[in-house]
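Report on the structure
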Amino acid sequence: MKQQTLKENLLYQRKLKGFTQDELSERTTVGVRTIQRIEKGEVQPHLQTVKLLAVGLDIEVDDLLVLDNPNEEIIKRKWMLLLHGSPFFGLIIPFANVLIPLFLWISKAEDNKVYDEHGRAIINFHCTINLLLIISLLLFFPFPGHNFFVTGVVFLYGVIFSIKNLMSALSSHTYYYPLSIPFLKPKA
């Protein structure tokens with residue numbers, strides 16, 4: 001569910017009460033221009049201004065203010081751990097390195113742009129790794145001696161970059177999956 005912003009809350013509450021910007025200004029001693037700028041999202045008002053607007057609209061300050069959830073960062077960290085860590089199930093279950101992140105991405109992509117970006121990158125990377133592993137295994141028949149080396153390199157490459165990106169996502173919410181084929185294109 002999308003959280004309302006201060007500008008959206010003010011506009012909604014003002015229209016709900018049937019006030020024009022001028023009428024609200026008269027009721028609150030907050031300038032019309034300030035109300036306009038808040039409703040356009042051009043400024044972040046002082047708490048005192050928000051209190052005056054709440055009194056003028058005869059509502060609680062909480063009805064206008066968008067309070068940040070202190071647990072949001074912890075929740076985001078847990079989802080980053082789950083998104084970037086779930087491909088390791090592919091070590092146990094074939095293709096789980098793509099399927100589990102895919103299911104997580106489908107369920108969380110609409111909630112937050114960060115989950116959408118990270119999910120796409122993870123899925124693209126692991127689809128690429130699976131494709132390279134399949135190709136290296138198919139090369140076993142014409143080149144039986146070199147297949148295990150190529151397969152091992154691809155496997156280690158996937159594991160190393162998965163671990164690196166897991167740690168990077170947890171610490172700084174960044175990722176870098178090189179040589180990924182963009183199966184899932186970023187949203188335009």
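First, a word on what this report is: a plain description of the structure on this page. This is a predicted model, so every value here is computed, not measured.

Rules used in this analysis
Residues numbered from 1 in each chain as written. Predicted model: local features only at pLDDT ≥ 70, side-chain atom pairs only at ≥ 80, totals over all residues. Heavy atoms only, no water. Helix = DSSP H or I, 4+ residues; strand = E, 2+ residues; numbered from the N terminus. Rg over C-alpha atoms; globule rule 2.2 N^0.38 Å. Axes fitted to C-alpha atoms, helices over the stretch in contact; angles between N-to-C directions. Parallel < 35°, antiparallel > 145°, perpendicular 65-115°, else oblique. Left-handed = near helix turned anticlockwise from the far one by under 90°. Contact = heavy atoms within 4.5 Å. Nonpolar A, V, L, I, M, F, W, Y, C, P; charged D, E, K, R; others polar. Polar contact = N/O pair within 3.5 Å; in protein donor to acceptor, adjacent residues only side chain to side chain. Buried < 20%, exposed > 50% of the residue type's maximum accessible area, 1.4 Å probe, protein only. Phe/Tyr/Trp six-rings, centres within 6.5 Å; stacked < 30°, edge-to-face > 60°.

Remarks on the overall build of the protein chain
Secondary structure summary: the protein chain contains eight helices and zero strands in total. The linear arrangement of helices and strands in the protein chain, starting from the amino end, is α-α-α-α-α-α-α-α. For a compact globule of 188 residues, the expected C-alpha radius of gyration is about 16 Å, and the protein chain comes in at 25 Å, more than 25% above that figure. Once the C-alpha set of the protein chain is aligned to its principal axes, its extents read approximately 85 × 30 × 20 Å.

Some details on unusual backbone geometry
In this structure, Asp-58 takes a positive phi of about 60° despite not being glycine. As for its placement among the helices and strands, Asp-58 is situated in the loop between α4 (47–57) and α5 (72–85).

Comments concerning the packing of helix α2 (residues 21–28) against helix α3 (residues 32–40)
Interhelical geometry of α2 versus α3 gives an angle of 120° and a closest axis separation of 9 Å. Our classification of the angle between α2 and α3 gives oblique. In this structure, α2 crosses over α3, and the sense of that crossing is right-handed. Between α2, through Gln-21, Asp-22, Leu-24 and Ser-25, and α3, the contact on the second element is made entirely by Val-32, Ile-35, Gln-36 and Glu-39. Partitioning the contact of α2 with α3 into residue classes produces three nonpolar, three polar and two charged.

Side note on the side chain of Gln-21
Looking at the secondary structure, you find Gln-21 in helix α2. A distance of 3.4 Å separates a polar atom in the side chain of Gln-21 from a polar atom in the side chain of Gln-36. Contact partners of Gln-21, with chain neighbours within four places excluded, come to Arg-14, Val-32, Ile-35, Gln-36 and Glu-39.

What to know about the environment of Thr-128
Here Thr-128 lies in helix α7 (residues 113–138). Here Thr-128 falls in the buried class, since its relative accessible area comes to 4%. Considered as a pair, Thr-128 and Val-98 are 30 residues apart in the sequence and their alpha carbons are 9.8 Å apart. In this structure Thr-128 touches Leu-179, Ser-180, Ile-181 and Phe-183, once residues within four positions along its chain are discounted. From its side chain, Thr-128 meets the backbone oxygen of Asn-124 in a polar contact 2.7 Å long. Looking at Thr-128, its side chain comes within polar contact range of the main-chain nitrogen of Ile-181, at 2.8 Å.

A look at the packing of aromatic side chains
All chains considered together, the criterion is met by five aromatic pairs. Plain terms: the ring middles of Trp-79 and Tyr-115 are 6.3 Å apart, the flat faces sit at 50° to each other, and that makes the pair tilted. Pair noted here: Trp-79 is in helix α5 and Tyr-115 is in helix α7, with a separation of 36 residues, a long-range link. Its relative accessible area of 22% is what places Trp-79 among the partly exposed residues. We classify Tyr-115 as buried; its relative accessible area is 6%. Ring geometry for Tyr-157 versus Phe-161: centroids 4.9 Å apart, planes at 55°, classification tilted. Placement of the pair is Tyr-157 and Phe-161 together in helix α8 (residues 147–172), with a separation of four residues, close to one helical turn. Classification of Tyr-157 by relative accessible area gives partly exposed; the value is 21%. When its relative accessible area of 18% is taken as the criterion, Phe-161 is described as buried.

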